[in-house]
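# Close look at the chain arrangement
Single-letter residue listing:
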Amino acid sequence: MRNILKSTVALLSVLVAFTSCDTASKSNSGALSSSAAEKVYVAPGEHDEFYAFISGGFSGQLSVYGLPSGRLFKVIPVFSLDAEKAYGYNEETKPMLNTSHGFVPWDDSHHPDISQTNGEIDGRWVFINGNNTPRIAKIDLSTFETTEIIEVPNSAGNHSSSFVTENSEYVVAGTRFSIPIPQKDMPIKDYKSNFKGALSFISIDPKHGHMDIKFQLIMPGFDYDLSHPGRGKSHGWFFFTTYNTEEASTLLEVNASQNDKDFIAAVNWKKIEDYVNNGGGTMMPANYAHNVYDEATHSATSTMKKEVRVVNPLDVPGAVYFLPTPKSPHGCDVDPSGEYIVGNGKLSANLTVHSFTKMLAAIENNKVAGDAYGIPILNFEDVLAGVVEQPGLGPLHTEFDGKGNAYTTFFISSEVVKWKLGTWEVVDRQPCFYSVGHLMIPGGNSQKPFGKYVLAMNKITKDRYLPTGPEVTQSAQLYDISGEKMELLLDFPTVGEPHYAAGCPADLIKPRSKKLFKLEDNKHPYATLNEADTKVVRDGKTVHIYMTTIRSHFAPDNIEGVKVGDKVYFHITNLEQDYDVPHGVSIIGANTSELLIMPGQTETFLWEPKQIGVWPFYCTDFCSALHQEMQGYVRVSPANSNTPLKWSLGEDIE
Ligand code: RUQ
Ligand code: CUA
């Protein structure tokens, strides 16, 4: 025990030494030479070449940047409330944040991935995982809005997620923390062999993208850290890194660092899919939310699902194998050809690369080294493609440029290292400022990466930016990788802690970007499609206001007969049919955010007036020269008054 603690202390001091930035900061690297500046300069009015969708980490959101400029375009609300867009505040989107734990308006979003067709990025949807209360969200890239969230049962810490297979057959969610399945009240010390880890395969409807859990593979109680799909020759397989194969439940920094090798789990999902399609697996009681936003009604619904299909890997022989992989591997990355599976062993001096072809041969020849809970373990030597010797310290993630090179981030030595697939030689290295986590090459998780830039997402940025109090901005760095050597081009701040990102050429998305919602397609139950139909309706203590907006007034804009204690729903339809003309609305004391209503859309907020008086409401979005004139009044009378319910526009209420 003493030795273990000693070695942990030693490792920690290495870590501290490498993450203190004082010396590195002095070398200003001359990155912003004029040629670097030119490479990231996008002239006013010009467009960026790539979109980058960068995870918001603990902000729970997904942010959209342009590359190479590093300009922020939008923060898409996904798992967290967003007052700017009324996400989670308006009645239409509140159901998006429903879970089996109730309304959960926050998550830790990690790894975005873009949908694919035939192994190439198709630019239709982005998927991203919520790590804390296990969920997967789908963002529609025609509207840049979250349109679906599915909760993942039997899971905790949805981290090996949300990676997509090469025809978007599945988006995959693996649990980081193993737990009792089903959950139950039991002693924590009985973790070993009693806790299990679920790997969930969530099918994606090819047309609408609707998600549905096809099956959950119930695996031994390890921590399933990251994953990537096979592609090309390895299409039909999925690979997951594991750590804590020791099955420790306490002081994991020591107790989960005992085994010389953990595993990459290779899962033949095609085989399991066949098994399931033939009635295999068992339906297990469960309780998880499936939240879908409908573009026709501009509203989300939340449905609680009551069962899920689980599969015991031992029931599908030949479907799951363990590939021994040194020292608590983190990233699990598959090259564009589908041949190489890179295990980024956090505590290993070398990078391990497995060969898919060799894996198949070992399986064919039944060369098994042992088993873990009945799952065959292959021989390390039999599946090894090669080793990148001593490339750096603390490897985390690897991406590929499609030209035979791999790029791996090293957290402890704080650098991106470029090496060659097949020869395993290191060909270049560039420092990161500082302590890089993930990296992204547009299309990097596909058969066809666009190997022009690599984006490094860093964990520490002290002294890179103007100070902003104890918390310094989160940051990414852009490198040009079009030449033999990488060249640092740009630092830019990011939202939340960026984990992974997904990128693609802007041309894949731009032509499909929606400009407005057609009024005639608006099926919102409280939509008002012209001013003549505006009205105010009382139903007991509930008041529904059917209101419209158009430059530059609300209809109606004077309302009387509302009483203290009423529940007042403002249902507001934006009648504009022009690009980029939203209107906003809010009223004093409303316990929600403003609404930001797109052309042709209907949104609703609830107001519960607590005080008598005459209260103004106004447009919150500067929509025209007469935006400041876009306002109105609601008269609130005592609860027992008999002020008649009346409304008007352009004339006085008599
Ligand atoms: S993880 S670096 Cu989800 Cu590697 Cu963040
Ligand atoms: Cu409408 Cu400002």
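Reading the values: the criteria
Residues numbered from 1 in each chain as written. Chains lettered and ligands numbered in written order. Predicted model: local features only at pLDDT ≥ 70, side-chain atom pairs only at ≥ 80, totals over all residues. Heavy atoms only, no water. Near = heavy atom within 4 Å. Nonpolar A, V, L, I, M, F, W, Y, C, P; charged D, E, K, R; others polar. Domains from an automatic or database assignment. Phe/Tyr/Trp six-rings, centres within 6.5 Å; stacked < 30°, edge-to-face > 60°. Helix = DSSP H or I, 4+ residues; strand = E, 2+ residues; numbered from the N terminus. Buried < 20%, exposed > 50% of the residue type's maximum accessible area, 1.4 Å probe, protein only. Lys NZ or Arg CZ within 6 Å of the ring centre and 35° of its normal. Pairing = 2+ DSSP bridges. Axes fitted to C-alpha atoms, helices over the stretch in contact; angles between N-to-C directions. Polar contact = N/O pair within 3.5 Å; in protein donor to acceptor, adjacent residues only side chain to side chain. Contact = heavy atoms within 4.5 Å. Buried area = accessible area lost by both parts, 1.4 Å probe. Salt bridge = Lys/Arg side-chain N within 4 Å of Asp/Glu carboxyl O. 1 Å grid on protein atoms, 1.4 Å probe; cavity = no way out; pocket = protein on both sides within 12 Å on 5 of 7 lines; lining within 4 Å. Points joined across faces, edges and corners; volume = space filled by probe spheres on them.

## Examining the site of ligand 1
Taken together, the residues surrounding ligand 1 are H110, H111, H159, H330, H397, G437, H438, K459 and H499. Classifying every residue of the shell around ligand 1 by side-chain character gives no nonpolar, eight polar and one charged. Two domains each put at least three residues into the shell around ligand 1: domain 1 (74–388) and domain 2 (393–514).

## Comments concerning the packing of aromatic side chains
Each aromatic ring pair is summarised here by two numbers: the centre-to-centre distance and the angle between the ring planes. If you walk through the whole model with that rule in mind, you get 30 aromatic pairs. Considering the side-chain rings of F570 and F617, the 6.0 Å spacing of their centres and the 65° angle between planes classify their relative orientation as edge-to-face. With F570 in strand β39 (residues 567–574) and F617 in strand β43 (residues 613–618), this pair connects stretches of sequence that are 47 residues apart. Judged on exposure class, the residue F570 and its partner F617 are both buried. Taken together, the ring pairs in this structure connect Y170, F201, F215, F238, F240 and W269 into an aromatic cluster. For K196, the ring lying beneath its charged end belongs to Y373, and the centroid distance is 5.1 Å. Over the aromatic face of Y243 sits the side chain of K346, whose NZ or CZ is 4.5 Å from the ring centroid.

## Here we look at the sheet that holds strand β34 (residues 501–505)
What the four strands build is an open sheet, ordered β3-β2-β1-β34; its pairing is antiparallel. Each edge of the sheet is formed by a strand with only one pairing partner; in this case those strands are β3 (71–76) and β34. Taking each pair of neighbouring strands and ignoring which way they run, the sheet shows an average axis angle of 20°. In this sheet, β34 lies alongside strand β1 (residues 50–55) in antiparallel orientation, the contact comprising five bridges. Across the sheet, the residue bridging to I54 is A501, located in β34.

## Section: the side chain of Q477
Note that Q477 resides in strand β32 (residues 474–480). Judged by its relative accessible area of 0%, Q477 is buried. A distance of 2.7 Å separates a polar atom in the side chain of Q477 from a polar atom in the side chain of D491. In contact with Q477, other than residues within four places in its own chain, are C432, F433, V454, L455, A456, N458, R464, L488, L490 and D491.

## Thoughts on the domain arrangement of the chain
Per the domain assignment, the segments of the chain are domain 1 (74–388), domain 2 (393–514) and domain 3 (519–648). Just the C-alpha atoms count here: the centres of domain 1 and domain 3 sit 44 Å apart. Of the residues lining the interface, 13 residues belong to domain 1; the matching set on domain 3 comes to 16 residues. Taken together, the two surfaces of domain 1 and domain 3 that pack against each other cover about 1,100 Å², and 51% of this comes from carbon and sulfur. Counting the surface domain 1 buries against domain 3, the share from its top three residues, E91, E92 and H298, is 37%. Across the domain 1-domain 3 interface, the total number found is zero salt bridges.

## A few points about the sheet that holds strand β8 (residues 135–140)
Neighbouring strands of a sheet are bound in pairs by backbone hydrogen bonds; such pairs are parallel or else antiparallel. Spatially, ten strands are ordered β6-β7-β8-β9-β17-β18-β13-β12-β11-β10 in an open sheet, and the strand pairing comes out mixed. Looking at which strands have only one partner, the edges of the open sheet turn out to be β6 (113–117) and β10 (158–164). Averaged over all neighbouring strand pairs, the angle between strand axes comes to 25°, with direction disregarded. Looking at chain direction, strand β17 (residues 282–294) and strand β18 (residues 299–311) are connected through eleven bridges and run antiparallel. Residue pairing across strands places D294 opposite S299, the latter belonging to β18. Seen against the sheet, helix α5 (residues 269–277) touches β11 (170–175), β12 (196–204), β13 (211–220) and β18 and runs at an angle of roughly 110° to β13.

## A look at the environment of R512
Here R512 shows up in the loop between β34 and β35 (535–539). Judged by its relative accessible area of 36%, R512 falls in the partly exposed class. Apart from the residues lying within four places of it in its own chain, the contact partners of R512 are G123, R124 and S142. Engagement of the side chain of R512 in a polar contact is seen with the backbone oxygen of G123, the distance being 2.9 Å.

## Structural notes on empty space enclosed by the protein
On inspection of all chains with the given rule, the structure shows two cavities of 30 Å³ or more. Roughly 60 Å³ of volume is contained in the largest cavity. Around the largest cavity, the lining residues are D113, I114, I121, M440, I441, G443, G444, N445, Y500, A501, A502 and G503. If you list the elements that add at least two residues to the lining of the largest cavity, you get β6 and β34. Per-element accounting of the lining of the largest cavity gives the leading share, three residues, to β34. Both domains that meet at the lining of the largest cavity, namely domain 1 (74–388) and domain 2 (393–514), each give it at least three residues. If you add up the space inside the second largest cavity, you get close to 30 Å³. Secondary-structure elements contributing two or more residues to the lining of the second largest cavity are β14 (223–229), β20 (329–334) and β26 (395–400). When grouped by side-chain class, the residues that make up the lining of the second largest cavity number four nonpolar, five polar and two charged.

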